[in-house]
Amino acid sequence: MLRRKRTALDEFDEMERRVDEFFERVFSVEPMWDMQAHSLKPLYDIKETRESIIVLVDLPYVEKGALQLRVDKDSIDISAELREPIKYGRWGTTQRECEFTKLSATIPLPTEVDPEGATAKLRHGVLTVELPKRIEKRTIEVE
Amino acid sequence: MSEEPLIVETEKMGETKYALLGFPDTGLVGTIALGYAIQTKKMREVGYVAPRALPPMLVIHSGEPKSPVRLYANNDLVTLISEIPLPLQTYKELVSEMVKWAAQKKVQLLISLTGIAVQDRLEVSKPQVFGIGGTAAVRDLLKSRSIPLLEEGFVTGAQALILNECIEKSVPAAVLLAESHPNFPDPAAAASMLELLNQAFGFNIDVKELVEQAEKFRIRLRELMQRTQQSMRNMKSQEGELPALYT
């Protein structure tokens, strides 16, 4: 049987699997993949200013048109189809073949936001979502 | 503590000109750059760090249990790469042994590869690489090879330990830092790093696949990046709060 030449990417795949399994077993952390849903969880980072919450999501291998974004007052839902399925030859301890077709996540926000004022842009595979904080202000009369 | 060395050579190594180190940290720059270089240069596995000095993990390659921190060699180049993020306490012992080993091998230049977090990374089309030289002679060497020096800032964690230990043991050493995403894997930064090494030291590592497949590398390195961030946060809490390393 002909075998495909191993590439640098194959090596990183195996390294990634080993790290993931090790941390799951030793520290019981949540996995960043869902085999049933063929979905991978993206990395994200949340920044906060006085006025807004800024969420950065790493979404490589995704086109703008394949991205669905839903904003609620306390979370954002992201689902992004990958340009092509990502296939893994030997996944997990069972060493099964499997493939993933999307990146998806529900990201909880640290404070309530106004979904109507949200803006989003995708640049170099990084999604930036800016959400104005829901700040209720009122004037207080000083006695 | 055992008297056995922590750096175990499975293939006897003589003197070596360059030693490159890559540990998982900012942007996974060192890990990506060296992991890619080992593959594309078809470097031989020549040793490992004894697992007794590391967190309780062995990796299984083709049925064989191995240390997650291993050495690879090719001509006048030795690389040391870790597949897992390490806690600060582990680095303390490991770095001391590593630098002792480098001194025995009469390493002419030890280079540690890492990332430097830049907040506006999305605006940077070609990440720049900066150098920190342990001695005046190394700083002159870096300047002569057109590597801009990091003039002001902080270096913390493993990189600080490596530099300090090399200065104490008189091992010529440099830390190279590529501008990188603070919290996402950054293959483009790793490619800039390798291009600089090619230009400055003639390593001749073809970065074509790394550049073309950068997005796939980013997908595949999510978990390692997440674990590395957790490890770096723990390290920061042990070090005390310092400003991040910015130019």
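Reading the values: rules and limits
- Residues numbered from 1 in each chain as written.
- Chains lettered and ligands numbered in written order.
- Predicted model: local features only at pLDDT ≥ 70, side-chain atom pairs only at ≥ 80, totals over all residues.
- Helix = DSSP H or I, 4+ residues; strand = E, 2+ residues; numbered from the N terminus.
- Rg over C-alpha atoms; globule rule 2.2 N^0.38 Å.
- Buried ≥ 20, exposed ≤ 12 C-beta atoms within 10 Å, placed from the backbone.
- Axes fitted to C-alpha atoms, helices over the stretch in contact; angles between N-to-C directions.
- Parallel < 35°, antiparallel > 145°, perpendicular 65-115°, else oblique.
- Left-handed = near helix turned anticlockwise from the far one by under 90°.
- Contact = placed C-beta atoms within 7 Å.
- Nonpolar A, V, L, I, M, F, W, Y, C, P; charged D, E, K, R; others polar.
- Pairing = 2+ DSSP bridges.
- Expected span 1.5 Å × (residues − 1).
- pLDDT = per-residue confidence, 0-100.
- Core = buried A, V, L, I, M, F, W, Y, C linked by C-beta atoms within 7 Å.

(A) Molecular detail of the overall build of chain B. Of regular secondary structure, chain B possesses 8 helices and 10 strands. Radius of gyration (C-alpha) of chain B: 17 Å, near the 18 Å computed for a compact globule of 247 residues. Counting only C-alpha atoms and orienting by the principal axes, one finds that chain B spans roughly 50 × 40 × 40 Å. Taken across its 247 residues, chain B has 50% of its residues classed as buried.

(B) Region of interest: the packing of helix H1 (residues 29–40) of chain B against helix H5 (residues 187–201) of chain B. Residue and element names in this part refer to chain B. Interaxial distance between H1 and H5 falls to 8 Å at its minimum, and their mutual angle equals 60°. Classed by the angle they form, the pair H1 and H5 counts as oblique. Crossing angle aside, the handedness with which H1 passes H5 is right-handed. Side by side, H1 and H5 meet where Val29, Ile32, Ala33, Tyr36 and Ala37 of the first sit next to Pro187, Ala189, Ala190, Met193 and Leu194 of the second. In terms of residue class, the contact of H1 with H5 is made up of 10 nonpolar, no polar and no charged.

(C) Highlighting the sheet that holds strand S4 (residues 52–58) of chain A. Residue and element names in this part refer to chain A. Read across the sheet, 4 strands follow the order S3-S4-S9-S8 without closing on themselves; strand pairing throughout is antiparallel. For this open sheet the edge positions go to strand S3 (44–48) and strand S8 (119–123), each flanked by a neighbour on one side alone. Strand after strand, the sheet turns through a mean of 15° between neighbouring axes, direction not considered. The pairing of S3 with S4 spans 5 bridges and is antiparallel. Of the residues in S4, the one forming a bridge with Lys47 is Ile54.

(D) Geometry of the environment of Leu94 of chain B. All names here are of chain B. Checked against the element boundaries, Leu94 lands in helix H2 (residues 88–104). For Leu94, a count of 24 C-beta atoms within 10 Å puts it in the buried group. Remark: the alpha-carbon pair of Leu94 and Asp140, spanning 46 residues in sequence, is separated by 28 Å. Once you skip the residues sitting within four places of it in the chain, Leu94 turns out to touch Leu6, Val49 and Ala53.

(E) Here's a closer look at the interface of chain B and chain A. In this assembly, 26 residues from chain B lie in contact with 26 residues from chain A. Across the side of chain B that touches chain A, the residue classes tally to 11 nonpolar, 6 polar and 9 charged.

(F) Here's a closer look at the packing of H2 of chain B against helix H4 (residues 157–168) of chain B. Residue and element names in this part refer to chain B. One can describe the packing of H2 onto H4 by two numbers: an axis separation of 9 Å at closest approach and a directional angle of 30°. When the interaxial angle is binned, H2 and H4 end up roughly parallel. Judged by the twist between their axes, the crossing of H2 over H4 is right-handed. Mapping the contact onto sequence places Leu88, Tyr91, Lys92, Val95, Ser96 and Val99 in H2 and Gly157, Ala158, Leu161, Ile162, Glu165 and Cys166 in H4.

(G) Molecular detail of H4 of chain B. Residue and element names in this part refer to chain B. End to end, H4 covers 17 Å across 12 residues, agreeing with the expected 16 Å (1.5 Å per residue, within 8%). Buried within H4 we find Gly157, Ala158, Gln159, Leu161, Ile162, Leu163, Glu165 and Cys166. A positive phi of about 55° marks Ser170, the residue just after H4.

(H) Quick look at the sheet that holds strand S1 (residues 7–9) of chain B. Residues and elements named next belong to chain B. Pairing in this open sheet of 8 strands is mixed, and the strands run S1-S3-S6-S7-S2-S8-S10-S9 from one edge to the other. In this open sheet, the two strands that pair with only one neighbour each are S1 and strand S9 (129–133). On average, each strand axis in the sheet is tilted by 25° relative to the strand beside it, whichever way the strands run. Bridge count for strand S3 (residues 44–49) against strand S6 (residues 69–74) is 4 bridges, and the pairing is antiparallel. Residue Glu45 lies in a different strand from S6, and its bridge partner there is Tyr72. Lying over the sheet, helix H3 (residues 136–144) contacts S9 and strand S10 (173–180), oriented at roughly 155° with respect to S9.

(I) How the structure looks around the confidence of the model for chain B. In this model, chain B carries an average pLDDT of 92, and 95% of its residues clear a pLDDT of 70 or more. For this predicted complex, the interface confidence comes out at an ipTM of 0.88, alongside a pTM of 0.88.

(J) Just unusual backbone geometry, in detail. Residues and elements named next belong to chain B. The backbone of Asn75 shows a phi angle near 50°, a positive value even though the residue is not glycine. Relative to the helices and strands, Asn75 resides in the loop between S6 and strand S7 (77–82). In this structure Asn75 comes out as exposed when scored by C-beta crowding, with 11 C-beta atoms within 10 Å. Even without a glycine there, the phi angle at Ser146 is positive, about 60°. Checked against the element boundaries, Ser146 lands in the loop between H3 and H4.

(K) Up close: the nonpolar core. Membership of the largest hydrophobic core comes to 79 residues, with the highest contact counts inside it found for Val29, Ala33, Leu113, Ile162, Ala190, Met193 and Leu194 of chain B. The element that contributes the greatest number of residues to this core is H5 of chain B, accounting for 8 residues. Setting aside anything within four residues of it in sequence, one finds Leu194 of chain B in contact with Ala33, Ala37, Ile205 and Val207 of chain B. In this structure, Val57, Ile78, Val113 and Val129 of chain A belong to the second largest nonpolar core, which totals 22 residues.

(L) Representation of H1 of chain B within the structure. Residue and element names in this part refer to chain B. For H1, with 12 residues, the first-to-last C-alpha span of 16 Å sits near the 16 Å given by 1.5 Å per residue. Of all 12 residues in H1, 11 are buried, a share of seventy percent or more. For H1, every residue scored as buried is listed here: Val29, Gly30, Thr31, Ile32, Ala33, Leu34, Gly35, Tyr36, Ala37, Ile38 and Gln39. At the exit of H1 stands Lys42, carrying a positive phi of roughly 50°.

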